[in-house]
Amino acid sequence: MHIIKCSSRTLRLLSCFVLSFLLTFSQASFWLPDAIANSPTSPVSLAERSRSRSISRGNSQQGRTLYELGRYAEAAYAWEQAARQYEQQGDTISQASTLSNLALAYQALGEITESEDAIAQSLTLLTQLTATSETASTFAQIWNTQGNLL
């Protein structure tokens, strides 16, 4: 068995290091739970965001179903709700896509000015994003809707 000999200075430094380590982590128990609960990746905020996205997708799907059934006013309402929720979530692509769908419902209701406004808003949102295959696909959808409106 080897015994490590340490000078008193080394022992003091080691003791200081261990003491500061223990103090740091013993106090972490006071602030760590709050920091975890408020972090963007905490289970609570992830669950809330997932629930919110699920509601948005539900409203968007409900709008599609209602539109296909010819219930245009109800479809417009569902898509208005979904567009607001996507805006709150910062999901600009989904918001722009939903506004494009909303334009179709407005057109079916004979509300041409509102339809044109929804298309213009969706295009404005997309032009603020970096070009990706997803934005290109959404641009195509919106341009198709705009062509139908014209």
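Look a little higher up for the structure.
Residues numbered from 1 in each chain as written. Predicted model: local features only at pLDDT ≥ 70, side-chain atom pairs only at ≥ 80, totals over all residues. Heavy atoms only, no water.

Looking now at the side chain of glutamine 95. Tracing the backbone shows glutamine 95 in helix H4 (residues 92–108). Residue class for glutamine 95 comes out buried when judged on its relative accessible area of 6%. Beyond its immediate stretch of four places on either side in the chain, glutamine 95 contacts Ala83, Tyr86, Glu87, Gln121 and Leu125. (Helix = DSSP H or I, 4+ residues; strand = E, 2+ residues; numbered from the N terminus. Buried < 20%, exposed > 50% of the residue type's maximum accessible area, 1.4 Å probe, protein only. Contact = heavy atoms within 4.5 Å.)

It is worth spelling out the nonpolar core at this point. Grouped together as the largest cluster of nonpolar side chains are 19 residues, with contacts concentrated most on Leu102, Leu126 and Ile142. Looking at this core, the elements that each hand over two or more residues are helix H3 (72–89), H4, helix H5 (112–127) and helix H6 (133–149). Per-element accounting of this core gives the leading share, seven residues, to H4. Look past the residues within four positions of isoleucine 142 in its chain and what remains in contact with it is Ala96, Ser100, Ile119, Ser122, Leu123 and Leu126. (Core = buried A, V, L, I, M, F, W, Y, C linked by side-chain atoms within 4.5 Å.)

Where H5 contacts H6, the two axes come as close as 10 Å, and the packing angle between them is 160°. In this view, H5 runs roughly antiparallel relative to H6, as classed from their interaxial angle. The interaxial crossing formed by H5 with H6 has left-handed handedness. In this structure, H5 uses Ser115, Ile119, Ser122, Leu123, Leu126 and Thr127 to contact H6, whose residues at the interface are Thr135, Thr138, Phe139, Ile142, Trp143, Thr145, Gln146 and Leu149. A breakdown of the residues in the contact of H5 with H6 according to their chemical character gives seven nonpolar, seven polar and no charged. (Axes fitted to C-alpha atoms, helices over the stretch in contact; angles between N-to-C directions. Parallel < 35°, antiparallel > 145°, perpendicular 65-115°, else oblique. Left-handed = near helix turned anticlockwise from the far one by under 90°. Nonpolar A, V, L, I, M, F, W, Y, C, P; charged D, E, K, R; others polar.)

We now examine H6. The terminal C-alpha atoms of H6 lie 24 Å apart, and with 17 residues this matches the ideal 24 Å at 1.5 Å per residue to within 8%. Here H6 has its buried residues at Thr135, Thr138, Phe139, Ile142 and Thr145. All buried residues of H6 lie within an arc of 125° about the axis, which places them on one face of the element. Exposed residues pointing more than 90 degrees away from the buried face of H6 are listed as Ser133, Trp143 and Asn144. (Expected span 1.5 Å × (residues − 1). Arc of directions from axis to C-beta.)

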